[in-house]
Amino acid sequence: MIQRTLATFMLALGLATLAGCASPTVITLNDGREIQAVDTPHYDEESGFYEFEQLDGKQTRVNKDQVRTVKDL
């Protein structure tokens, strides 16, 4: 009984840790449009683009010159 309780606790702790890794982000463009991303966008210095995954699963790239702000929700 104690082992089952401990296993359940460890599973819940692991799932909570994984859920905390993703931080949804709102990217505001210079024209006022907002794009929601699953996680913080990756900035590729070589190309000058932010790369991220939108909520619908689509991989997207946006030129840094078009980005006004990047904020975590």
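Conventions used here
- Residues numbered from 1 in each chain as written.
- Predicted model: local features only at pLDDT ≥ 70, side-chain atom pairs only at ≥ 80, totals over all residues.
- Heavy atoms only, no water.
- Helix = DSSP H or I, 4+ residues; strand = E, 2+ residues; numbered from the N terminus.
- Buried < 20%, exposed > 50% of the residue type's maximum accessible area, 1.4 Å probe, protein only.
- Polar contact = N/O pair within 3.5 Å; in protein donor to acceptor, adjacent residues only side chain to side chain.
- Contact = heavy atoms within 4.5 Å.
- Patch = residues over 30% accessible without salt bridge, like charges linked within 9 Å, V, L, I, M, F, W, Y side chains within 5 Å.
- Areas by Shrake-Rupley, 256 points an atom, 1.4 Å probe, with all protein chains shown as cover.
- Salt bridge = Lys/Arg side-chain N within 4 Å of Asp/Glu carboxyl O.
- Lys, Arg positive; Asp, Glu negative; His and termini not counted.
- Charge placed at Lys NZ, Arg CZ, Asp CG, Glu CD.
- Pairing = 2+ DSSP bridges.
- Axes fitted to C-alpha atoms, helices over the stretch in contact; angles between N-to-C directions.

**Student:** Describe the side chain of Thr60, with residues and values.
**Tutor:** Among the secondary structure elements, Thr60 is positioned in strand 5 (residues 59–63). Note on Thr60: relative accessible area 14%, which makes it buried. Of the polar contacts made by the side chain of Thr60, one reaches the backbone oxygen of Lys58; its length is 3.5 Å. The contact partners of Thr60, leaving out residues within four places of it in the chain, are Tyr50, Glu51, Phe52 and Gln54.

**Student:** Can you tell me about a negative patch on the surface, naming the residues and giving the values?
**Tutor:** Judged by side-chain charge, Asp39, Glu53, Asp56 and Asp72 come together as a negatively charged surface patch. Position of Asp72 among the secondary structure elements: in strand 6 (residues 67–72).

**Student:** Please set out the sheet that holds strand 4 (residues 49–53) residue by residue, giving values where relevant.
**Tutor:** Read across the open sheet, the three strands follow the order 3-4-5; overall the sheet is antiparallel. The strands lining the two open edges of the sheet, one partner per strand, are strand 3 (42–44) and strand 5. Across the sheet, the axes of successive neighbouring strands diverge by a mean angle of 30°, strand direction being ignored. Note: strand 3 against strand 4, three bridges, orientation antiparallel. For Tyr43, the partnering residue across the bridge sits in strand 4 and is Tyr50.

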